[in-house]
Amino acid sequence: MFYIGNVKIDNRIVLAPMAGVCNSAFRKIIKEMGCGLLYAEMVSDKALVYNSKKTIDMLYMEESERPIAQQIFGSDVETFVKAAKFVCEKMKPDIIDINMGCPVPKVAVRAQAGSALLKDPLKIKEIVKAVVEAVSVPVTVKIRSGWDSDSINAVEVARICEEAGASAITIHGRTRSQGYSGKVDLDIIKKVKEAVNIPVIGNGDIVDIESAKKMFEYTLVDAIMIGRGCLGNPWLIRELVSYFDRGVICDKPSYRERIDMCFHHLDYLLKIKCEKVAVLEMRSHIAWYIKGMPYAKEVKEECFKVVSSDELRKILSNYLKKLGG
């Protein structure tokens, strides 16, 4: 258990705000696995200010998902503040998160947001301070180790965020130029943890109990954030919560459990999206869920040809029979 501001988090396992993935359907599954804190996928400050329906729809959440943080990205103080206030009124999240870590070109280069802000510490302080003063919920900041290997400034940025009123820092131990390549730098995460008094969440390369233990023991972070490691494997969250809370090692999911989760996930998606979009999203998730299973390639190819939920269900049902389930 730990706190972010006045928000109590029951355990030290946190879901990363993966773009295009962390909608309400996926978050509910991760919550069912016992995750302590969910981060919703990032939304653009300007899109919210300009009343983009698509972006506003991304704010959908259910009470069962609490505690939840909504992440916002942008580069302009005024629109950041307006967006944060809008999110608090519309969604009522428990936490607002400021994205200063996204490495993708359309955010970091074209919009000069996300990890591009790491190049401008003065603007960081201005944005964080303004958002903290504008909303009544705790504000957190997600950063990377720096823009590139010649400008590792996560410690400086973390201190600035703390001074500006941030209630917690998440640090992904890679530079923007690395993207998701190479190995996570635990040393920079450790230095950030040593440099500030607010909670620090460590992020990067956590794929099993061993990598999670290494992050906790080496960096002494307050919590760990799981991203790509739980794509197709939400059971990783259950494993980590069970191990770190109770010292119990869970069984790996059976083939049947993995197929059943595909049905479960599809049902959740159909509740929040039109069938066409739900099926398109689910095709990618199915590929992740069945990765490494027998006949996975053939089933994936079949799924990527269909456009209806009934067709997906038929393929999955036949697959289960083929596996002897």
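Just so we're clear, the structure is a prediction, and the values are computed from it rather than from any experiment. (Residues numbered from 1 in each chain as written. Predicted model: local features only at pLDDT ≥ 70, side-chain atom pairs only at ≥ 80, totals over all residues. Heavy atoms only, no water.)

1. Some remarks on the pattern of salt bridges
Note on pairing: side chains with opposite charge can pair once their charged atoms come close. Inspection of the entire model under this criterion finds 16 salt bridges. R66 is the salt-bridge partner of E63, the closest N and O atoms lying 3.0 Å from each other. Salt bridges here are not isolated pairs; linked through shared partners, they connect E63, R66 and D94. (Salt bridge = Lys/Arg side-chain N within 4 Å of Asp/Glu carboxyl O.)

2. A short note on unusual backbone geometry
The amide bond that connects R66 to the next residue, P67, takes the cis arrangement and shows omega of -5°. Looking at the secondary structure, you find P67 in the loop between α3 (53-57) and β5 (68-73). Phi is positive for K92, close to 55°, though the residue is something other than glycine. Along the chain, K92 turns up in the loop between α4 (77-90) and β6 (95-100). The phi angle at Y295 is positive, at roughly 60°, despite the residue not being glycine. Topologically, Y295 is positioned in the loop between α12 (275-289) and α13 (296-303). (Helix = DSSP H or I, 4+ residues; strand = E, 2+ residues; numbered from the N terminus.)

3. Topic: the packing of helix α7 (residues 154-163) against helix α8 (residues 186-195)
At a minimum axis distance of 9 Å, the contact between α7 and α8 shows a crossing angle of 30°. Relative to α8, the element α7 is oriented roughly parallel. The handedness of the crossing between α7 and α8 is right-handed. Residues A154, V155, A158, R159 and E162 of α7 lie in contact with α8, whose contacting residues are I188, K191, V192 and A195. Per-class residue counts for the contact of α7 with α8 are six nonpolar, no polar and three charged. (Axes fitted to C-alpha atoms, helices over the stretch in contact; angles between N-to-C directions. Parallel < 35°, antiparallel > 145°, perpendicular 65-115°, else oblique. Left-handed = near helix turned anticlockwise from the far one by under 90°. Contact = heavy atoms within 4.5 Å. Nonpolar A, V, L, I, M, F, W, Y, C, P; charged D, E, K, R; others polar.)

4. Focus: the environment of I198
Along the polypeptide, I198 turns up in the loop between α8 and β9 (200-203). Put simply, I198 and Y3 are 195 residues apart on the chain and 9.6 Å apart in space, counted from C-alpha to C-alpha. Beyond its immediate stretch of four places on either side in the chain, I198 contacts E162, A166, S167, A168, I169 and D222.

5. Remarks on the sheet that holds strand β8 (residues 168-175)
Strand order in the closed barrel formed by eight strands is β3-β4-β5-β6-β7-β8-β9-β10, with parallel pairing between adjacent strands. Each neighbouring strand pair of the sheet contributes to a mean axis angle of 30°, computed without reference to strand direction. Note that strand β4 (residues 37-44) and β5 share five bridges and pair parallel. When the sheet's bridge partners are listed, A40 is paired in β5 with Q70. Its contacts with the sheet put helix α6 (residues 121-134) on β6 and β7 (139-146), and the angle it makes with β6 is roughly 165°. Against the sheet, α8 touches β7, β8 and β9, its axis set at about 155° to β8. (Pairing = 2+ DSSP bridges.)

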